[in-house]
Amino acid sequence: MEKRQDFMHWWNDLRMEMLKQQESAQVFALLEREVRSLGFDFYAYGVRHSIPFTRPKIDIYGSYPQAWVERYQQQNYAAIDPTILNGLRSTEMVVWSDALFGKSSVLWGEAREWGLRVGATLPIHTPDSALSVLSVARECTAISAVELEEIRLRLRCIIELATMRLGELGHPSSQAEQLELSAREREILQWTADGKSSGEIALILGISVNTVNFHLKVIQKKFGAANKTLAAAYAAVLGLI
């Protein structure tokens, strides 16, 4: 019971402290402090945006060596990083290991050369369908079974509180492109996603084909989509239809 009370006190203190931060840099400084208190030297807060589908935008913040971050992005390592791929299908924390990086050994080898040898990554999914991950790393000392659960619980609290506060402060990492659809545009996109043609949608809604096509062109422009099918796919991923 005492351990649970200590955890709840820590969580409440962190929550209150996070709410006091008025700048994104202060949020990241608080995040780094908490990561260091868990015994890690480095952290990376990453956001994988949901669109475009091919080579989606990746934002990385934190204390990883900048040269390594640049290398990671240049090589598009996010596409093969098992800690990211795990987050696309699960919200469970993963501990880094040779087995985890078995299919991406080059990435694993380079990361270790930069001192990122022991670590863990915890993912969460944000309301705008983006994937946020918090990775922590150190050069040595394996994560013991004793500290594993505490790391898991605290990292989840840290990333959830940080993500929420960054969103409230309007940090770029939390700003999915604000796309607004009118009721008619949403209606037309929904029917488009169901495979209906412009002619069929016109009959269903009691409007002209030209009107349907006009709305579809406007919608495509809003999404920067090459065609109506891609626009409907983007809208679905973003939860707009």
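Residues numbered from 1 in each chain as written. Predicted model: local features only at pLDDT ≥ 70, side-chain atom pairs only at ≥ 80, totals over all residues. Heavy atoms only, no water.

Caption draft 1: Representation of the packing of aromatic side chains. Using the criterion set out here, one finds 10 aromatic pairs in the structure. Ring plane angle 40 degrees and centroid distance 5.5 Å describe the contact between F7 and W10, whose orientation is recorded as tilted. Of this pair, F7 and W10 both sit in helix α1 (residues 2–20), 3 residues apart, which is roughly one turn of the helix. Between the aromatic rings of F101 and W108, the centroid separation amounts to 4.6 Å while the plane-to-plane angle is 5 degrees, which identifies the pairing as stacked. Assessed through its relative accessible area of 5%, F101 is described here as buried. Aromatic ring contacts, followed pair by pair, group F28, Y45 and Y61 into a single cluster. A cation over a ring is seen here: R138 above F40, with NZ or CZ 4.5 Å from the ring centre. Above the plane of the ring of W10 lies R154, whose end atom (NZ or CZ) is 4.5 Å from the centre. (Phe/Tyr/Trp six-rings, centres within 6.5 Å; stacked < 30°, edge-to-face > 60°. Helix = DSSP H or I, 4+ residues; strand = E, 2+ residues; numbered from the N terminus. Buried < 20%, exposed > 50% of the residue type's maximum accessible area, 1.4 Å probe, protein only. Lys NZ or Arg CZ within 6 Å of the ring centre and 35° of its normal.)

Caption draft 2: Structural context of the sheet that holds strand β5 (residues 131–138). With antiparallel pairing, the 5 strands of this open sheet are ordered in space as β2-β1-β5-β4-β3. Each edge of the open sheet is held by one strand with a lone partner, namely β2 (58–62) and β3 (94–95). Pairing geometry for strand β1 (residues 42–48) and β5, over 7 bridges, is antiparallel. Among the inter-strand pairings, Y43 is bridged to a residue of β5, identified as V136. Taken strand by strand, helix α4 (residues 82–89) contacts β1, β3, β4 (118–125) and β5, and its axis lies near 30 degrees from that of β4. (Pairing = 2+ DSSP bridges. Contact = heavy atoms within 4.5 Å. Axes fitted to C-alpha atoms, helices over the stretch in contact; angles between N-to-C directions.)

Caption draft 3: Geometry of the side chain of H215. The residue H215 is located in helix α9 (residues 209–223) in this model. Taking relative accessible area as the criterion, H215 reaches 17% and is therefore assigned buried. When residues no more than four places from it in sequence are discounted, the contact partners of H215 are R184, E185 and I188.

Caption draft 4: The arrangement of the domain arrangement of the protein in detail. Taken domain by domain, the protein comprises domain 1 (1–169) and domain 2 (183–238). If you look at the interface, domain 1 gives 6 residues, while domain 2 gives 5 residues. Together domain 1 and domain 2 conceal approximately 490 Å² of surface at their shared face, both sides included; 76% is due to carbon and sulfur atoms. Sorting the residues of domain 1 by area buried against domain 2 places I51, F53 and S129 first, and these three jointly supply 74% of that buried surface. Between the two partners, domain 1 and domain 2, sit 0 salt bridges. The interface formed by domain 1 and domain 2 holds 0 residue pairs in polar contact (both at pLDDT 80 or more) in total. Class assignment for the residues of the side of domain 1 that touches domain 2 results in 3 nonpolar, 2 polar and 1 charged. (Domains from an automatic or database assignment. Buried area = accessible area lost by both parts, 1.4 Å probe. Salt bridge = Lys/Arg side-chain N within 4 Å of Asp/Glu carboxyl O. Polar contact = N/O pair within 3.5 Å; in protein donor to acceptor, adjacent residues only side chain to side chain. Nonpolar A, V, L, I, M, F, W, Y, C, P; charged D, E, K, R; others polar.)

Caption draft 5: Spatial organisation of the packing of helix α3 (residues 66–74) against helix α5 (residues 105–113). Following both chains from N to C, one finds α3 and α5 inclined at 170 degrees, their axes separated by 11 Å at the closest point. Taken together, the axis directions place α3 and α5 in an arrangement best described as roughly antiparallel. Between α3 and α5 lies a crossing of right-handed hand. On the side of α3, the interface is formed by W68, R71 and Y72, while α5 contributes L107, E110 and A111. (Parallel < 35°, antiparallel > 145°, perpendicular 65-115°, else oblique. Left-handed = near helix turned anticlockwise from the far one by under 90°.)

Caption draft 6: Representation of the nonpolar core within the structure. Of all hydrophobic cores here, the largest spans 30 residues; its most connected members are L31, Y43, Y45, L155 and I158. Mapped by element, the contributors of at least two residues to this core are α1, α2 (24–37), β1, β4, β5 and α6 (145–168). Here this core takes 8 residues from α6, the largest share from any one element. The residues touching L31, leaving out its near neighbours within four places in the chain, are Y43, Y45, L134, I158 and A162. Core analysis: the second largest hydrophobic core is formed by 18 residues, I188, A232, A235 and L238 among them. (Core = buried A, V, L, I, M, F, W, Y, C linked by side-chain atoms within 4.5 Å.)

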